[in-house]
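Examining the three-dimensional arrangement
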Amino acid sequence: MAVDKEMEATGAEDAMSETQVEISDSWDVYGKTLSSRFFIGTALYPSPEVMQQSIAASKAEVVTVSLRRQSPQQQGGNHYWELIKSSGCELLPNTAGCHTAKEAVTLAQMSRELFQTDWIKLEVIGDDYNLQPDPFATLEAAETLVKMGFKVFPYCTDDLVLCQKLRDVGCEVLMPWGSPIGTGLGLLNPHALTTIRERLPDMTLLVDAGLGKPSDACRAMELGFDAVLLNTAVAQAHDPVVMAEAFANAIAAGRSAWLSGMIEARAAASASTPTLGMPFWHQN
Amino acid sequence: MLEVSVNGERATIAPAQVLEQAMQEWGFDPNDMLVIAVNQTFVPRDRWADTEVKAADKIDILQPIVGG
C-alpha cells in the first residue's frame with residue numbers, strides 16, 4: 001500500500017504524527033486540558049436557544065460570562081444562565097465594565113464565589129469609546145489577582161512591554177486585542193501580534209476582541225496564537241449557528257496551517273509546472 | 001430606619017440587621033445564586049449572617065449574566 005511505503009521511506013513516526021495532528025492537538029491552560037481552540041462569548045444572541053445552539057456548533061469548551069446587579073423582580077427569569085450551565089463548558093467570568101483596578105479585583109472576588117472558579121478574564125477599560133484596556137490598571141489588577149490565587153486571562157493591548165510585564169507579575173496567558181471590541185475590524189496590527197508570539201514563545205496567547213470574519217480567526221491561528229476568543233462576530237451574524245461552525249472550521253484550518261509549515265511569501269514568480277519537455281519551443 | 005443604597009437605588013432597613021436578613025426584606029433570596037459587596041468590598045456568603053448593615057452603606061447584589 002502506498003501509505004505503508006511512505007511510512008517506510010519517511011519514518012513511521014513522522015507519517016503517524018501527520019495523521020495524529022487532528023486527534024491530539026490538545027493544549028493545557030492553567031491546568032485544564034482542552035481540545036478546542038475556540039473560546040466563545042455568551043452575550044448578544046437573539047435568543048437563549050440560539051446562544052445554546054451556537055455554543056454547540058462552535059465546539060468551544062470555554063465560554064465567557066459576567067455578573068451584574070439583580071433586581072428582585074428578575075428572580076427565576078435567567079433562562080440564559082440555565083442554558084449556559086447545561087452546556088458543560090468551562091466558565092471564564094469577565095470583569096467587563098470595570099474602569100479601575102479596585103473595581104476589577106472586587107468583581108473578580110465576587111465572581112470567584114459565584115461561579116466557583118479561579119479563572120478570570122481581566123478587563124479594565126480605559127476609554128468608553130474604543131473600550132480599550134487600560135494598560136496600567138490592568139497590570140495593577142493582574143498583579144493583585146495573581147497574588148490572590150486567581151488564574152488571570154488579561155485582555156490587553158498589543159504592546160510588547162505591557163505583555164512582558166503581565167508575564168512578570170505571574171500571568172501565564174495573554175489576550176491581546178485584534179481590534180476594538182465589537183468592531184469586526186479583524187487583526188489591525190498583525191505585526192504586533194507576531195512580535196508578541198515570537199518574543200513570548202512560552203506564553204499561552206489568545207487573540208481577543210474585534211474579530212469579524214472566520215478568516216480573521218484563521219489568520220490569528222496562522223500567526224501561531226494558541227486560541228481565539230470572540231462573541232459579536234458569531235452572536236450578531238445573520239445566522240449565528242452556522243457562523244459558529246464557520247469559525248470553528250476556520251480556527252482548525254489556521255491551526256493546521258501553523259503546524260504544517262506555511263511557505264514564505266516571495267517577490268519573484270517561480271513556476272510550479274516543470275519547464276523541461278515544454279512543447280513548441282524553438283519551433284517559431 | 002437606616003438609609004442605604006441597594007444596587008444603586010435608595011432603600012431602608014431597620015438598625016442592627018445583618019445582611020442575610022436585610023436582603024430578604026429587600027426581596028432577595030439568600031438561596032439564589034447571588035454575591036454581595038458592601039461599599040465596593042466583597043462580603044463572602046459565610047459572612048452574611050454576621051455583617052451588620054450600616055447607615056449610608058452602598059450594597060451591590062449581583063447575579064450571573066451573559067458576557068463576552
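Preceding this paragraph is the structure being described.
The structure presented is a predicted model; accordingly, all values stated were derived computationally and were not measured.

Take the overall build of chain A next. A count of helical and extended segments in chain A gives 11 helices and 10 strands. In chain A, buried positions account for 48% of the 284 residues. Contacts in chain A between residues far apart in sequence, at least 24 positions, make up 65% of those at least 6 positions apart.

Turning our eyes to something else, we now look at the pairing of strand β10 (residues 227-230) of chain A. Put simply, side chains in a regular strand alternate between the two faces of the sheet. Residues and elements named next belong to chain A. Residue alternation in β10 divides its side chains into two sets, Ala227 and Leu229 and Val228 and Leu230, and both sets are buried. Sheet topology places strand β3 (residues 38-41) next to β10; 3 bridges connect them, and they run parallel. Looking at the pairing, Phe39 lines up with Leu229 of β10. The sheet contact formed by strand β9 (residues 204-208) and β10 spans 3 bridges and is parallel. Looking at β10, one finds that Leu206 is bridged to Ala227. Taken together, β9, helix α9 (residues 214-222) and β10 form a β-α-β motif whose crossover is right-handed.

Attention now goes to the interface of chain B and chain A. Opposite the 27 residues of chain B that make contact, chain A presents 32 residues. Summed over both partners, the interface of chain B with chain A comes to about 2,500 Å²; 56% of that surface belongs to carbon and sulfur atoms. At the junction of chain B and chain A, the tally comes to 1 salt bridge. Here A:Arg69 and B:Asp60 are joined by a salt bridge, their closest N and O atoms 2.6 Å apart. Elements with a minimum of two residues in the side of chain B that touches chain A: β3 (35-38), β4 (41-43) and β5 (58-66) of chain B. In the side of chain B that touches chain A, the residues fall into 14 nonpolar, 9 polar and 4 charged.

Let us now look at the nonpolar core. Ranked by internal contacts, the top residues of the largest apolar core, which has 83 residues, are A:Phe38, A:Phe39, A:Phe153 and A:Val228. The contact partners of A:Phe39, leaving out residues within four places of it in the chain, are A:Trp27, A:Leu34, A:Val62, A:Leu92, A:Phe153, A:Leu206, A:Val228, A:Leu229 and A:Leu230. B:Ala11, B:Ile13, B:Phe28 and B:Val43 belong to the second-largest nonpolar core, a separate cluster that totals 18 residues.

The next subject is helix α6 (residues 135-147) of chain A. Residues and elements named next belong to chain A. Over its 13 residues, α6 runs 19 Å from end to end, which matches the ideal 18 Å to within 8%, given 1.5 Å per residue. Within α6 the residues assigned to the buried category are Ala137, Thr138, Leu139, Ala141, Ala142 and Leu145. Here the buried face of α6 lies against α5 (101-115), β6 (119-122), β7 (151-156) and α7 (160-168). One or two positions beyond α6, positive phi appears at Gly149, with a value near 90 degrees.

Attention now goes to the environment of A:Ser54. Residue and element names in this part refer to chain A. Relative to the helices and strands, Ser54 resides in helix α3 (residues 48-58). As for Ser54 and Asp239, which are separated by 185 residues in sequence, their C-alpha atoms are 9.2 Å apart. Of note is the side chain of Ser54, whose polar atom sits 2.7 Å from the backbone oxygen of Val50.

Think of two packed helices as two axes; the pair is described by the angle between the axes and how far apart they sit. Residue and element names in this part refer to chain A. Where α6 contacts α7, the axes come no closer than 9 Å and their chain directions differ by 10 degrees. Judged by the angle between their axes, α6 and α7 are roughly parallel. Handedness of the α6/α7 crossing: right-handed. Mapping the contact onto sequence places Pro135, Thr138, Leu139 and Ala142 in α6 and Leu162, Lys165 and Leu166 in α7.

What follows is about a nonpolar patch on the surface. Residue and element names in this part refer to chain A. Taken together, the side chains of Trp258, Leu259 and Met262 present a nonpolar region at the surface, about 270 Å² in accessible area. Relative to the elements of secondary structure, Leu259 occurs in helix α11 (residues 240-260). Take Leu259: its relative accessible area is 39%, and that puts it in the partly exposed class.

Basis of the calculations
Residues numbered from 1 in each chain as written. Chains lettered and ligands numbered in written order. Predicted model: local features only at pLDDT ≥ 70, side-chain atom pairs only at ≥ 80, totals over all residues. Heavy atoms only, no water. Helix = DSSP H or I, 4+ residues; strand = E, 2+ residues; numbered from the N terminus. Buried < 20%, exposed > 50% of the residue type's maximum accessible area, 1.4 Å probe, protein only. Contact = heavy atoms within 4.5 Å. Pairing = 2+ DSSP bridges. Right-handed = clockwise from strand over helix to strand, strands pointing away. Buried area = accessible area lost by both parts, 1.4 Å probe. Salt bridge = Lys/Arg side-chain N within 4 Å of Asp/Glu carboxyl O. Nonpolar A, V, L, I, M, F, W, Y, C, P; charged D, E, K, R; others polar. Core = buried A, V, L, I, M, F, W, Y, C linked by side-chain atoms within 4.5 Å. Expected span 1.5 Å × (residues − 1). Polar contact = N/O pair within 3.5 Å; in protein donor to acceptor, adjacent residues only side chain to side chain. Axes fitted to C-alpha atoms, helices over the stretch in contact; angles between N-to-C directions. Parallel < 35°, antiparallel > 145°, perpendicular 65-115°, else oblique. Left-handed = near helix turned anticlockwise from the far one by under 90°. Patch = residues over 30% accessible without salt bridge, like charges linked within 9 Å, V, L, I, M, F, W, Y side chains within 5 Å. Areas by Shrake-Rupley, 256 points an atom, 1.4 Å probe, with all protein chains shown as cover.

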